[in-house]
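Per-entry structural report
Letter by letter, the chains look like this.
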Amino acid sequence: MGRKKTERNFTPVESLSHFARKLAAFGDKTAFRYFDSDRNLLSITYKNLSVRFFRQAAGFSAAGLAGKRIAIIGETSVEWVSSYVAAIAAGGVAIPLDRELDVEEIFNFLEFAEADAIVYSAAFNEKFAPLAESHPTVTRLIPINPVKGSYENNPRILPYAQLMEMGEENVAAGYQYPEVTDLNRMVEMLFTSGTTGSSKCVMLSEQNVISSVNSAAATVDFSGDDCIVSILPIHHTYELCIMITALNYGMVIGINDSLK
């Protein structure tokens, strides 16, 4: 007799906004454990993570970025994950970028993808100084940890904390995630590493993203009691898929990165 298949106990993801909402059901269970820049160990609960996703999507909407193309670059962090989920849940397109790219290549990718905005960690504050002055497509720069005094007189720069404040106000005003009517719409643009030639842009639909997550959950013997560590760069499709799958199961995820 063949080995009995382990029963998979998970709720399929219907869309990224559905995923963002359903995480609240795990309540006060820890979602992420991570280090800050001083190597202090911090954590965030599933309930608060769900609230963060919603607030950031509302912030994007309040900033005129709902339905826009939003690039994300930096170390693996709660802010990175939230930016990815919120960009898509707000009806837009997420563009994960490799943090090891040369600045000139990053600027070229942003122009090629016609990115409207970019969320970035402090490691790029100085590198993106030219971007803060002008770019053919990017009109909003969203630094997670901006240098004080570097953005007050530049309307192109919207600090992450201010974006979240705008989101909180928009939520209080009645913001709701936009209705998902087309799972075949493009929600992600990613660039290949170019190991076999020049880098290429791959366009994924929301159906592509949630199918990968649901397939992983249905295939691998995951459990909500599992704890995993995020090691691969977050812009990798495999890493991102497994992280979303783990969150869908209610696992505890350790981030092996410090937000600079």
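All figures in this text were calculated on a predicted structure; none of them were measured in a lab. (Residues numbered from 1 in each chain as written. Predicted model: local features only at pLDDT ≥ 70, side-chain atom pairs only at ≥ 80, totals over all residues. Heavy atoms only, no water.)

The next subject is the packing of aromatic side chains. Evaluated as defined, the whole model comprises 12 aromatic pairs. With 6.4 Å between their ring centres and 75° between their planes, Tyr175 and Tyr177 make a pair best called edge-to-face. An aromatic cluster is defined as three or more aromatic residues linked by ring pairs; in this entry it consists of Phe107, Tyr120, Phe124 and Phe128. Looking at Arg39, its charged tip hangs above the ring of Phe35, at a distance of 3.8 Å from the centre. (Phe/Tyr/Trp six-rings, centres within 6.5 Å; stacked < 30°, edge-to-face > 60°. Lys NZ or Arg CZ within 6 Å of the ring centre and 35° of its normal.)

Right, let's talk about the environment of Tyr177 for a bit. Here Tyr177 shows up in the loop between α6 (160-172) and β7 (186-191). As for Tyr177 and Ser61, which are separated by 116 residues in sequence, their C-alpha atoms are 9.6 Å apart. Sequence-distant contacts of Tyr177, defined by excluding residues within four places in its chain, comprise Ser17, Ala20, Arg21, Ser50, Phe53, Phe54, Ala57 and Ala89. A distance of 3.1 Å separates a polar side-chain atom of Tyr177 from the backbone nitrogen of Phe54. (Helix = DSSP H or I, 4+ residues; strand = E, 2+ residues; numbered from the N terminus. Contact = heavy atoms within 4.5 Å. Polar contact = N/O pair within 3.5 Å; in protein donor to acceptor, adjacent residues only side chain to side chain.)

Let us look at unusual backbone geometry. Non-glycine residue Arg39 carries a positive phi angle of around 65°. Along the chain, the position of Arg39 falls in the loop between β1 (30-35) and β2 (41-45). Given a relative accessible area of 47%, Arg39 falls into the partly exposed group. You will see that Glu114, though not glycine, has its phi angle at about 55°, which is positive. Following the sequence through the fold, Glu114 ends up in the loop between α4 (103-112) and β5 (117-120). Of the residues examined, Glu114 reaches a relative accessible area of 48% and is grouped as partly exposed. (Buried < 20%, exposed > 50% of the residue type's maximum accessible area, 1.4 Å probe, protein only.)

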